[in-house]
Amino acid sequence: LEIIFRTTHLFGARTSWSVPDSVLGWRFVPNSTYQNFKENSHPVTWSTNRCGWKDKDWALEKPKGMYRIAVLGDSFVEGMQVEDEHHFLTLAENQLNEKSPFKFEFMNFGRSGFTQTEELLVLQKDVLAFSPDAVMLFFFSPNDIADVRRQTAPDIIRPFYTLSGNGKLVLNTGFKNSTAFKLKTLIAPFKHHSVFISFLTERLTLYRDLRRIKKLQGNTVSKIKLLPYLTLATQKPDPGFSQNYQLNKRLIKEIAKICKLHGMKFILVNIATPAYLPEMELRYKSLDPTFDPNFFDKDMKLLADSMGAGFIGLQNIFHDIYQKENKDLNWEFSGNPEDRNNPMEIGHWNYEGHKLIGKILGDKFKKEAVSSL
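The paragraphs below set out a description of the structure included in this document.

Reading the values: the criteria
Residues numbered from 1 in each chain as written. Predicted model: local features only at pLDDT ≥ 70, side-chain atom pairs only at ≥ 80, totals over all residues. Heavy atoms only, no water. Helix = DSSP H or I, 4+ residues; strand = E, 2+ residues; numbered from the N terminus. Rg over C-alpha atoms; globule rule 2.2 N^0.38 Å. Buried < 20%, exposed > 50% of the residue type's maximum accessible area, 1.4 Å probe, protein only. Contact = heavy atoms within 4.5 Å. Areas by Shrake-Rupley, 256 points an atom, 1.4 Å probe, with all protein chains shown as cover. Lys, Arg positive; Asp, Glu negative; His and termini not counted. Charge placed at Lys NZ, Arg CZ, Asp CG, Glu CD. 1 Å grid on protein atoms, 1.4 Å probe; cavity = no way out; pocket = protein on both sides within 12 Å on 5 of 7 lines; lining within 4 Å. Points joined across faces, edges and corners; volume = space filled by probe spheres on them. Salt bridge = Lys/Arg side-chain N within 4 Å of Asp/Glu carboxyl O. Pairing = 2+ DSSP bridges. Axes fitted to C-alpha atoms, helices over the stretch in contact; angles between N-to-C directions. Patch = residues over 30% accessible without salt bridge, like charges linked within 9 Å, V, L, I, M, F, W, Y side chains within 5 Å.

**Structural notes on the overall build of the protein chain**
Okay, step 1: Per the secondary structure count, the protein chain includes 13 helices and 11 strands.
Okay, step 2: Taking 21 Å as the expected radius of gyration for a compact globule of 373 residues, we find that the protein chain reaches 20 Å, a close match to that expectation.
Okay, step 3: Dimensions along the principal axes, computed over C-alpha positions, put the protein chain at roughly 55 × 50 × 50 Å.
Okay, step 4: Here the protein chain holds 373 residues, and 53% of them are scored as buried.
Okay, step 5: When contacts within the protein chain are restricted to residue pairs at least 6 apart in sequence, those whose partners lie at least 24 apart make up 70%.
Okay, step 6: Roughly 17500 Å² of accessible area belongs to the protein chain as shown, and the carbon and sulfur atoms make up 56% of that amount.
Okay, step 7: Distance between charge centres in the protein chain, computed from 49 positive and 42 negative side chains, equals 6 Å.

**What to know about unusual backbone geometry**
Okay, step 1: Non-glycine residue H9 carries a positive phi angle of around 50°.
Okay, step 2: Within the secondary structure layout, H9 lies in the loop between helix 1 (2-8) and strand 1 (18-21).
Okay, step 3: On the basis of relative accessible area, H9 is assigned to the partly exposed category, the value being 25%.
Okay, step 4: Phi at N326 takes a positive value of approximately 55°, unusual for a residue other than glycine.
Okay, step 5: Looking at the secondary structure, you find N326 in the loop between helix 12 (314-325) and helix 13 (351-372).

**A closer look at the layout of surface pockets**
Okay, step 1: In this structure, the second largest pocket encloses a volume near 260 Å³.
Okay, step 2: Around the second largest pocket, the lining residues are I157, A180, L183, K184, I187, A188, K191, T201, L204, T205 and R208.
Okay, step 3: Elements with a minimum of two residues in the lining of the second largest pocket: helix 6 (179-191) and helix 7 (195-217).
Okay, step 4: The dominant element in the lining of the second largest pocket, judged by the number of residues it contributes, is helix 6, at 6 residues.

**As for the pattern of salt bridges**
Proximity of charged atoms lets side chains of opposite charge pair with each other.
Okay, step 1: Throughout the structure, instances matching the rule amount to 23 salt bridges.
Okay, step 2: With its nearest N and O atoms 3.0 Å apart, the salt bridge here joins R27 to D126. Residue R27 is found in strand 2 (residues 25-28), and its partner D126 is found in helix 4 (residues 116-127); the two are separated by 99 residues along the sequence.
Okay, step 3: Its salt-bridge partner being D363, residue K359 comes within 2.9 Å of it at the nearest N-O pair. In this pair, K359 and D363 are both assigned in helix 13, 4 residues apart and thus about one turn of the helix distant.
Okay, step 4: A single salt-bridge network, built from bridges that share partners, covers E325, K327, E352 and K355.

**Description of the sheet that holds strand 7 (residues 134-139)**
Okay, step 1: What the 5 strands build is an open sheet, ordered 6-5-7-10-11; its pairing is parallel. In the strand order of this sheet, the two ends are held by strand 6 (103-110) and strand 11 (310-313), each with one partner. For this sheet, the mean inter-axis angle between neighbouring strands, taken without regard to orientation, is 20°.
Okay, step 2: One ladder, built from 4 bridges, connects strand 10 (residues 265-270) with strand 11; its direction is parallel. Pairing of L268 across the sheet is with F311, part of strand 11.

**Points about the environment of A309**
Okay, step 1: One can find A309 in the loop between helix 11 (295-307) and strand 11.
Okay, step 2: Using a relative accessible area of 14% as the deciding quantity, one classes A309 as buried.
Okay, step 3: In this structure, the C-alpha to C-alpha distance between A309 and R50, residues 259 residues apart in sequence, is 31 Å.
Okay, step 4: The contacts of A309, once residues within four sequence positions are left out, are F266 and A304.

**With respect to a nonpolar patch on the surface**
Okay, step 1: A surface patch of nonpolar side chains, about 430 Å² in accessible area, is lined by L1, I4, L10 and F11.
Okay, step 2: By the secondary structure assignment, L10 is in the loop between helix 1 and strand 1.
Okay, step 3: By relative accessible area, L10 is classed as partly exposed at 38%.

What follows is the structure, encoded as C-alpha cells:
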C-alpha cells in the first residue's frame, strides 16, 4: 500500500506537512517541500521556510528602505492551489517592486483552518518579531464564524478564546491535554515518513469532523435551508452564529489594537462569499428574500472605519468582474469527500482570482507606501 500511494498519489495521498503545536493545534514542518493535489488540474509543489510558513525565507531584521506587509488568513492566503509565482502576494510584490525606488515584501502567515483566534496568536508570537509596516487580515465568513467558537467548530483540537464577565479575552488551550492531541503528537513522526499512515490518519480525522458537522447541522441540507453563517445576512440571524460573529469582531479589534500599539497600519479584507455569483445570490434569496449578498462587505467596512483601519471588500469587486468579464475566479470543487460539507460551495481562488487580488493589493499599497516612506 505504501508503494502504491507513493507512486500514484491515489486520492491525493502524500506525506503529512503538519506538526502538532500546543498553542495553535498544528504548524507546518519547516524547510520542507510538498505537493498539493486538490482543485488544480495538476499537482502544485510548494515549500515552507525556516520559520515554518509557506513562503520564501525572511530576514528577521527588516532591510532599510523596505515596506514590509504581514498577511494573516486561512487557506485562501495560504494558497496551496497555485504555484508561488502565481500567488496573489507574489504578483502584488512583483508589481510594486517593478518601478519602485524602494522594496516591498509580503509575508505569508496564512494557514488552512485559521480563524481570528490563531491569527491573534500568530501576530503576537510570530509577526511582531519581523517589525512589519502593515498587517493585513483576510476575513472569511463561511469558515471563520463557525470555527471561532468550540460549540460550532467542526475541529475542536485547537485553541479558543472566550469573553470573561468584564469583556476580556480569555485563551483556552485545553485541547493539548486531550487524548486526541496526545495521539496526534505520538503519530506525527510516522506521518512524515509514510504516505499511507498520513492518508489513513487524515481520512479518520475527516470522518470524525464530518460526523461532528452532521451533528452540529442537525442533518440539514443547504439546498433546503440557508447555512447558519448566511442567516447573518438576513433579518433572522442564527442566535449562536450571531454570538460567534461578535467574537470574530472582538478578536479583530484586539488585532487592530496591537497593530496600533506597535505603529503598524492595519487593513481588513473581506473575502467574497459564493453570493458574488448571480446564480448563488438567486438561490440564497429564494431561501430567504431578505438575504443581502453585500452584508459582510458593508458590516466589515463599518468595523474597519470604527477602528481607523483600512478596508478592502472583495464581494462587490468579484461580483462586478464576474458580471463584466464572465471570468471564473474560483476553482470548482474536485469531488473530495470534505467538499460536501464545505460552506463555501465553490473552491479557492484560481489563477484569475489570484491575479485580480494581486492587482488590487498592488494598487492599494503603492499609495500606502509612498506616504509612509
